[in-house]
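Okay, here's what each chain looks like letter by letter:
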Amino acid sequence: MIRDGALAIRDGRIAWVGRRADLPGTPDRLAAAVVEGGGHWMTPGLIDCHTHILFGGERVREFELRLEGATYEEIARAGGGIVSTVAATRAASEDDLVAGAVRRLRPFLAEGVTTVEVKSGYGLDLATELKMLRAARRLGDALPVSVSTSFLGAHAVPPEFKGRQGDYVDLLCREMLPAVAQSGLADAVDGFCEGIAFTPDEMARIFETATRLGLSVKLHAEQLSDLGGAALAARFGALSADHLECLGEDGVAAMAAAGTVAVLLPGANYFLGESRRPPVAALRQAGVPMALASNCNPGSAPVLSLLLMLSMGCTLFRLTPEEALAGVTRAAAQALGLADRGRLASGLRADLALWDIESPAALAYWIGGNPCAGIIRGGVPVAPGMAPGSP
């Protein structure tokens, strides 16, 4: 922490950061324009490194069913869950998908989010998956936010392949992944390794194909059971393994050795009423970086606040406030393979957020508030009250 600090920006990147007293002159003599921070705390812009924010329809009825006693797995096996969103997403136009995601993204941006990951995975056919990825790219043009995209074709088995899961995996590897790689629309390949989704052997085939095509990989792993998905992800040098409520010692060790980030998703854990928690103490002891994300999606995490995830990460998962803040900045950037952001350091992108708080721990302390006082993305003020001017 630097009190009474200063930060200089040149060409959209941080040129200098330190104590104001160490500046080699007064700000107005050093800079073409000066933004006075008003004594607020400054952090890197927040990064939401795991979202399914782009989709058609909604699943409010499933929420009611769970309250009546049905489990997430039971709903999925009965034809609900991901497959129900697939039908709505296939029917939606690209413009409709963009419009819906823009509405859901705005609350995140108001909370200081400057980078967001957006997954496909609600198309499960090549045309709709590409439609989703194109729509995701367009979000970065529609709003002041950087977008990282993940191809999640291995999210569920589409209805037309019911009973033929192996044939769908063949299609993914033979046609869909090469087409996605050629399109340049995906920054990484994701998958869902679980009893209701894809087996470790199937995910290994998919990851082998993705890495051969030059795409980074990540994995939904150990959410409902321990199938060794995190260790599999680590074997392929995955950027992250996400969820991890059922993660065992072998998975922790494998992630630590590979440098794979643990992405924790307390919103889904809370919304689904899960009793198991990720092994935070073991991850901490092993030195595995821990990121936090919203997992915004229509089924298991209808979350529209990344700041709320800091609070839940602390209260539900027992992270420290410092770990929670690192989880939506430094560790989140690592989970996306973005080395140019997530910290306040010379040479990095000038993605910044100002906060009207007494201490950084307050970002995890308050529930439902938004103390964001200003946002700068790529060196450009994007929030009211932050126009350049004299101190």
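Residue positions are given per chain, counting from 1 as you read along its sequence in written order. Since the coordinates come from a predicted model, pLDDT governs what is reported: local features require at least 70, and pairs of side-chain atoms require 80 or more to be given and counted, while whole-chain, interface and lining totals use all residues. Here the side-chain values reflect all heavy atoms present in the structure, with hydrogen atoms and water set aside.

1. Structural notes on the state of the cysteines
For step 1, the next point in the chain: Working definition: a disulfide is two cysteine sulfur atoms within 2.5 Å of each other. For the structure on display, the rule yields zero disulfides.
For step 2, the next point in the chain: Unpaired in terms of disulfides, Cys 49 finds its nearest cysteine sulfur in Cys 296, a separation of 13 Å.

2. Here's the deal with the UniProt feature "binding site: 4-imidazolone-5-propanoate" (unreviewed entry) in the protein chain
For step 1, the next point in the chain: UniProt positions are given in the numbering used here, feature names are shortened, and annotations may be inferred rather than shown by experiment. Annotation from UniProt places "binding site: 4-imidazolone-5-propanoate" (unreviewed entry) at Arg 59, Tyr 122, His 155, Gln 223 and Ser 300.
For step 2, the next point in the chain: Relative to the helices and strands, Tyr 122 is located in the loop between strand 5 (113–119) and helix 6 (126–142).
For step 3, the next point in the chain: In this fold, Gln 223 is placed in the loop between strand 9 (219–221) and helix 9 (229–235).
For step 4, the next point in the chain: Whether two residues are in contact is decided by their heavy atoms: any pair within 4.5 Å suffices. Those residues in contact with Gln 223 that lie beyond four places of it in its chain are Phe 192, Glu 194, His 243, Leu 244, Glu 245, Cys 246 and Leu 272. Every helix listed is a DSSP run of H or I at least four residues long, and every strand listed is a run of E at least two residues long, numbered separately from the N terminus.

3. Some points on the sheet that holds strand 13 (residues 352–355)
For step 1, the next point in the chain: One open sheet holds the four strands; their spatial order is 3-13-14-15, and the pairing between them is antiparallel. The open sheet has two edge strands with one neighbour each: strand 3 (41–44) and strand 15 (380–381).
For step 2, the next point in the chain: By the bridge criterion, two bridges tie strand 14 (residues 372–377) to strand 15 in an arrangement that is antiparallel. Of the residues in strand 15, the one forming a bridge with Ile 376 is Pro 381. Paired strands, in this sense, are two strands between which DSSP finds at least two bridges.

4. Here's the deal with the pairing of strand 5
Side-chain positions along a regular strand alternate between the two faces of the sheet.
For step 1, the next point in the chain: Per-residue accessibility, obtained with a 1.4 Å probe over protein chains only, is compared with the maximum for each type, and a residue is labelled buried under 20%, exposed over 50%, and partly exposed between these values. Judged by how many residues are buried, strand 5 sits mostly within the fold: seven of seven residues are covered.
For step 2, the next point in the chain: Inspection of the sheet shows strand 4 (residues 46–48) paired to strand 5 by three bridges, in the parallel sense. What sits directly across from Leu 46, in strand 5, is Val 113.
For step 3, the next point in the chain: Here strand 5 pairs with strand 6 (residues 146–154) via five bridges, running parallel. Paired with Thr 115 across the strands is Ser 146, a residue of strand 6.

5. Quick word on helix 13 (residues 306–315)
Because an α-helix packs 3.6 residues into every turn, residues spaced three or four apart end up facing the same way.
For step 1, the next point in the chain: The buried fraction of helix 13 is high, at eight of 10 residues.
For step 2, the next point in the chain: Every buried residue of helix 13 is accounted for by Leu 306, Leu 307, Met 309, Leu 310, Ser 311, Met 312, Gly 313 and Cys 314.

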